[in-house]
Amino acid sequence: MTERDFLTAKIERGFDHLDVDGSGTLTEDDHVAMGRRVALSLGHAEGSSEAERITAAYLSIWREVHLPFLPPGSQGIPKDRFVASTRALAENPATARTILGGLADTYLAIADIDQDGQISPAEFLAFQRGHFPQFTEEEADEAFARLDSDGNGMLSPEEFTSAVVEFWSSSDPDAAGNWWMGRPSFSPS
């Protein structure tokens, strides 16, 4: 598989999980559903202030990251357009770091349940299961070990951000961030 195909396959796999309703188009409703699913996975009751905060964060991602780039009248981003625009980030690492780093900051604020400024293996598993419901504890442990570059048993904000940025923008098959969704076993569709 070429580096280009590898990156495309990762982005396609990511899209398939973000497209909660499976419609082939990423929408505001998908972001609301993701927010609710992540909140429940993190142990927040539906309708609680924390669940509402998390859902609002996902709506903010929709409104700030995706909505400004939609054509007038469009209600969502089809998979091919999402893949193309996300792939374009690989061509500009500074832009990728800015956009995806901002996304990672939002994710970090949600995933850091105990607000200690780092992500534990349990927090990683709970957060990721909100996005990827089939993510097993074994897969999470394996992924976490790859992402924890300093081996201290916690993901620092830098490690967490690097994982998000590398997953969505790196064509390097050896990048640690490829493990963001578990074992990298991508094949282009």
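Residues numbered from 1 in each chain as written. Predicted model: local features only at pLDDT ≥ 70, side-chain atom pairs only at ≥ 80, totals over all residues. Heavy atoms only, no water.

## Notes on helix α6 (residues 121-131)
Every α-helix carries 3.6 residues per turn, so stepping three or four residues along brings you back to the same face. The following threshold applies: Exposed residues in this analysis have more than 50% of their type's maximum accessible area, buried residues have under 20%, and partly exposed residues fall in between, with area computed by a 1.4 Å probe over protein chains only. Helix and strand assignments follow DSSP, with helices taken as H or I runs no shorter than four residues and strands as E runs no shorter than two, numbered in order from the N terminus.
For α6, the tally of buried residues reaches eight of eleven residues, placing the bulk of the element in the interior. Taken together, the buried positions of α6 are Glu-123, Phe-124, Leu-125, Ala-126, Phe-127, Gln-128, Gly-130 and His-131.

## Focus on the environment of Ile-99
Heads up, the condition is: We call two residues in contact whenever any of their non-hydrogen atoms come within 4.5 Å of each other.
Along the chain, Ile-99 falls in helix α5 (residues 93-111). It is 25 Å that separates the C-alpha atoms of Ile-99 and Asp-21, two residues lying 78 residues apart in sequence. Once residues lying within four places of it in the same chain are set aside, the contact partners of Ile-99 are Val-65 and Leu-89.

## Structural notes on unusual backbone geometry
Despite not being glycine, Gln-115 has its phi angle at roughly 55 degrees, a positive value. Relative to the helices and strands, Gln-115 resides in the loop between α5 and α6.

## Some remarks on the nonpolar core
Basically, it comes down to this: Grouping buried Ala, Val, Leu, Ile, Met, Phe, Trp, Tyr and Cys residues that are joined through side-chain atoms within 4.5 Å yields what is termed a nonpolar core.
If you look at the biggest cluster of nonpolar residues, it comprises 49 residues, and the most contacted ones within it are Tyr-58, Tyr-107, Phe-124, Phe-127, Phe-160 and Trp-180. Elements represented by at least two residues in this core include exactly α1 (3-18), α2 (28-41), α3 (49-66), α4 (79-90), α5, α6, α7 (137-147) and α8 (157-169). Broken down by element, this core gets its largest block of residues, eight residues, from α5. Beyond its immediate stretch of four places on either side in the chain, Tyr-58 contacts His-31, Met-34, Gly-35, Val-38, Tyr-107, Ile-110, Phe-127 and His-131.

## Re the packing of α5 against α6
The criterion, for reference: Axis geometry follows a simple rule: fit a line to the C-alpha atoms, using only the stretch in contact for helices, then measure angles between N-to-C directions, giving values from 0 to 180 degrees. Crossing handedness: left-handed means the near helix sits turned counterclockwise from the far one by under a right angle, and right-handed means the same turn made clockwise. Polar here means any residue other than Ala, Val, Leu, Ile, Met, Phe, Trp, Tyr, Cys and Pro, which are nonpolar, and Asp, Glu, Lys and Arg, which are charged; Gly is therefore polar.
In the contact formed by α5 and α6, the axes pass within 10 Å of each other and the chain directions differ by 115 degrees. In this structure, the crossing between α5 and α6 has a hand that is right-handed. Contacts from Tyr-107, Ile-110 and Ala-111 in α5 reach Glu-123, Phe-127 and His-131 in α6. Considering only residue class, the contact of α5 with α6 consists of four nonpolar, one polar and one charged.

## Things to note about the pattern of salt bridges
As a reminder of what qualifies: The salt bridge criterion pairs a side-chain nitrogen of Lys or Arg with a carboxyl oxygen of Asp or Glu, the two atoms within 4 Å.
The full count for this structure, using the stated rule, is four salt bridges. When the shortest N-O distance is used, the salt bridge between Arg-63 and Glu-28 registers 3.7 Å. Here the residue Arg-63 occupies a position in helix α3, and Glu-28 occupies one in helix α2, the gap between them amounting to 35 residues. The class of Arg-63 is partly exposed, set by a relative accessible area of 44%. A salt bridge links Glu-142 to Arg-183; the shortest N-O distance between them is 2.2 Å. Of the two residues, Glu-142 sits in helix α7 while Arg-183 sits in the segment after α8, which places them 41 residues apart along the sequence. Since its relative accessible area comes to 24%, Glu-142 is described here as partly exposed. Take Arg-183: its relative accessible area is 46%, and that puts it in the partly exposed class.

## Description of α8
To be explicit about the condition: Each residue after the first adds 1.5 Å to the expected span of a helix.
End to end, α8 covers 18 Å across 13 residues, agreeing with the expected 18 Å (1.5 Å per residue, within 8%). For α8, the set of buried residues is Glu-159, Phe-160, Thr-161, Ala-163, Val-164, Val-165, Phe-167, Trp-168 and Ser-169.

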